Amino acid sequence: QSFDNALQSVRLDEADVGIVPAAYKAVDDDLFRLHCRFRDLVIVEAFPLPTKEMGLGKKPTTGTVRRVALHPTTDSLCPLDVEKLYISSKPLCVEAAAKGEADAAIGSVDVLRQYGLEIVESFGEIPMTWEVFRKRIR
């Protein structure tokens, strides 16, 4: 559901490690820094890995796109003249568009296609740096 949930799973021993982007915007915060909230975890590795191909997708039957579901991190990819519906993860954005809660969504192209959305615009891969967290050994 979210990167916060991923690190919470490590904290609760439901996962050995959590992998999250080095920095990103969250729905409920301007700049969400997991490092401050999860001080009981440590970064054991960091690596560059771009996202999958990202795109703007809509249902084939949708005419004018007026409302786009998007994660705040992808805000700069969104058309300027639309209402923005911020959601906590890109897959949930795509699901919202597929359900008709938005006219379109910004997400991974493979997921957009999986939900039967047509690609209006491709943004390609987005450069990212990822961090691997585990519990601090005391």
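Everything numeric here is computed off the predicted structure, so don't read it as measured data.

K.L.:
Please clarify how the packing of aromatic side chains should be interpreted in this entry.
P.N.:
For any two aromatic rings, the description comes down to two numbers: the centre-to-centre distance and the angle of the planes. Enumeration according to the criterion identifies one aromatic pair in this entry. Where phenylalanine 3 meets tryptophan 130, the ring centres are 6.2 Å apart and the plane angle is 70°; that geometry is what we call edge-to-face. Here the residue phenylalanine 3 occupies a position in helix 1 (residues 3–11), and tryptophan 130 occupies one in strand 10 (residues 129–135), the gap between them amounting to 127 residues. Accessibility expressed as a relative area gives 16% for tryptophan 130, which makes it buried.

K.L.:
Explanation requested: the sheet that holds strand 4 (residues 41–48) in the structure shown.
P.N.:
Remark on secondary structure: sheet strands pair via backbone hydrogen bonds, oriented parallel or antiparallel. Read across the open sheet, the three strands follow the order 1-10-4; overall the sheet is antiparallel. Of all strands in the sheet, those bounded by a partner on one side alone are strand 1 (18–21) and strand 4. Sheet twist, expressed as the average angle between the axes of neighbouring strands with direction ignored, equals 30°. Two strands pair when backbone bridges link them, and strand 4 and strand 10 are joined in this way by seven bridges, in the antiparallel orientation.

K.L.:
Could you clarify how one ought to interpret unusual backbone geometry in this entry?
P.N.:
When glycine is set aside, most residues are seen to have a negative phi, and most peptide bonds are trans. Although it is not a glycine, aspartate 13 sits at a positive phi angle of roughly 60°. Inspection of the secondary structure puts aspartate 13 in the loop between helix 1 and strand 1.

K.L.:
I'm lost on the state of the cysteines in this one. Help?
P.N.:
A covalent bond between the sulfur atoms of two cysteines is what we call a disulfide. In the structure shown here, the tally under the stated rule is zero disulfides. In this model cysteine 78 remains outside any disulfide bridge; the closest cysteine sulfur is found in cysteine 93, 10 Å from its own. Residue classification places cysteine 78 among the buried residues on the basis of a relative accessible area of 6%.

Cut-offs applied
Residues numbered from 1 in each chain as written. Predicted model: local features only at pLDDT ≥ 70, side-chain atom pairs only at ≥ 80, totals over all residues. Heavy atoms only, no water. Phe/Tyr/Trp six-rings, centres within 6.5 Å; stacked < 30°, edge-to-face > 60°. Helix = DSSP H or I, 4+ residues; strand = E, 2+ residues; numbered from the N terminus. Buried < 20%, exposed > 50% of the residue type's maximum accessible area, 1.4 Å probe, protein only. Pairing = 2+ DSSP bridges. Axes fitted to C-alpha atoms, helices over the stretch in contact; angles between N-to-C directions. Disulfide = S-S within 2.5 Å.

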